[in-house]
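# Notes for the structure review
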Amino acid sequence: MEIALRVITALLVTLSASILADILYPKFLKREKTNEDKAKAERKVYVNNKLSAVFVALLFFCNIVGILIIALPNVVTEILKFNYVTTICVCWIPIIFDSIVVYIMFTKATYDDEKITIKKLFSKPKVYYFSDIISYTKTGNLKVVTKNGNFLLFNALSGTDSLRQVIAEKLSQS
């Protein structure tokens with residue numbers, strides 16, 4: 001009987017997830033298209049405000065949980081009956097991941113007819129000229145190699161595809 005209940009539960013969870021994905025996927029595509037069009041009009045590459053708010057909230061939540069685990073070792077070991085060292089190690093994984101994501105989120109790029117300006121968190125803006133571009137990736141994350149260095153813009157950023165199109169146009173003209 002227990003096996004039958006587990007199979008039924010697995011089927012119901014799979015069916016629910018499938019239905020939910022069918023409903024939400026078109027909405028996410030529409031929002032992504034809107035953000036891409038807005039970024040193209042502004043000639044910028046950046047993270048959507050709602051997405052950045054989600055990751056900043058997750059960063060605060062993960063850090064608060066980490067602080068509570070370190071500050072209250074008795075709760076972890078005696079009440080919850082967890083291994084303290086393992087709990088600390090497992091807690092650091094989302095904190096490090098979310099910190100990296102937040103760092104990537106603050107990467108912004110602006111471009112005009114002759115140059116691309118990349119601004120990262122805690123660093124001075126760097127300027128790359130279209131005439132100096134040696135190569136770039138045609139799919140996935142946008143990695144551009146120039147004579148003066150290289151940069152990477154993740155596909156999750158709004159405007160990456162528009163910048164890729166502009167780079168392709170500029171390279172085909174020269």
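Structure: see above.
This one's a predicted model, so the numbers in the text were calculated from it and none came from an experiment.

## A look at the nonpolar core
Note on soluble globular proteins: their nonpolar side chains tend to be buried together. Core analysis: the largest hydrophobic core is formed by 23 residues, its most contacted members being I116, L153, L163 and I167. Those elements that provide at least two residues to this core are α2 (49-71), α4 (84-105), β2 (108-111), β3 (115-119), β5 (133-136), β6 (142-146), β7 (149-153) and α5 (160-173). Not counting the four nearest positions on each side in its chain, L153 is found in contact with V45, T107, A109, I118, N141, L142, T160 and L163. By size, the runner-up hydrophobic cluster in this structure holds 5 residues, among which are C62, I69, V76 and I95.

## Focus on the sheet that holds β3
Here 4 strands make up an open sheet; going across it, the order is β1-β2-β3-β4 and the pairing antiparallel. Two strands bound the open sheet, and with one partner strand each, they are β1 (44-45) and β4 (126-129). Relative to β4, β3 runs antiparallel, the two sharing 4 bridges. Paired with I116 across the two strands is Y128, which belongs to β4. The strands touched by α5 are β1, β2 and β3; relative to β2, the strand with the most contacts, the crossing angle is about 40 degrees.

## Concerning the sheet that holds β7
Strand order in the open sheet formed by 3 strands is β5-β6-β7, with antiparallel pairing between adjacent strands. Looking at which strands have only one partner, the edges of the open sheet turn out to be β5 and β7. When strand polarity is set aside, the average angle formed by the axes of neighbouring strands in this sheet is 15 degrees. Across 3 bridges, β5 lies against β6 in antiparallel orientation. Among the inter-strand pairings, S135 is bridged to a residue of β6, identified as V145. Where α5 meets the sheet, it contacts β5, β6 and β7, and its direction lies at approximately 130 degrees from that of β5.

## Description of the environment of L5
Examined against the element boundaries, L5 turns out to sit in helix α1 (residues 2-42). Under the relative-accessibility criterion, L5 is labelled partly exposed at 48%. Counting along the chain gives 157 residues from L5 to S162, while the straight-line C-alpha distance between them is 50 Å.

## Observations regarding α1
An ideal rise of 1.5 Å per residue puts 60 Å on 41 residues; α1 measures up with 57 Å between its terminal C-alpha atoms. L24 marks the point of greatest bend in α1, at about 30 degrees, and the proline P26 comes within the next four residues. The complete set of buried residues in α1 reads N35, E36 and A39. Summarising the contacts, the buried residues of α1 are in contact with β1 and α5. Trailing α1 by a residue or two, R43 shows a phi angle of about 60 degrees, which is positive.

What counts, and where the lines are drawn
Residues numbered from 1 in each chain as written. Predicted model: local features only at pLDDT ≥ 70, side-chain atom pairs only at ≥ 80, totals over all residues. Heavy atoms only, no water. Core = buried A, V, L, I, M, F, W, Y, C linked by side-chain atoms within 4.5 Å. Buried < 20%, exposed > 50% of the residue type's maximum accessible area, 1.4 Å probe, protein only. Helix = DSSP H or I, 4+ residues; strand = E, 2+ residues; numbered from the N terminus. Contact = heavy atoms within 4.5 Å. Pairing = 2+ DSSP bridges. Axes fitted to C-alpha atoms, helices over the stretch in contact; angles between N-to-C directions. Expected span 1.5 Å × (residues − 1). Bend = angle between axes of the 7 residues up to and from the residue.

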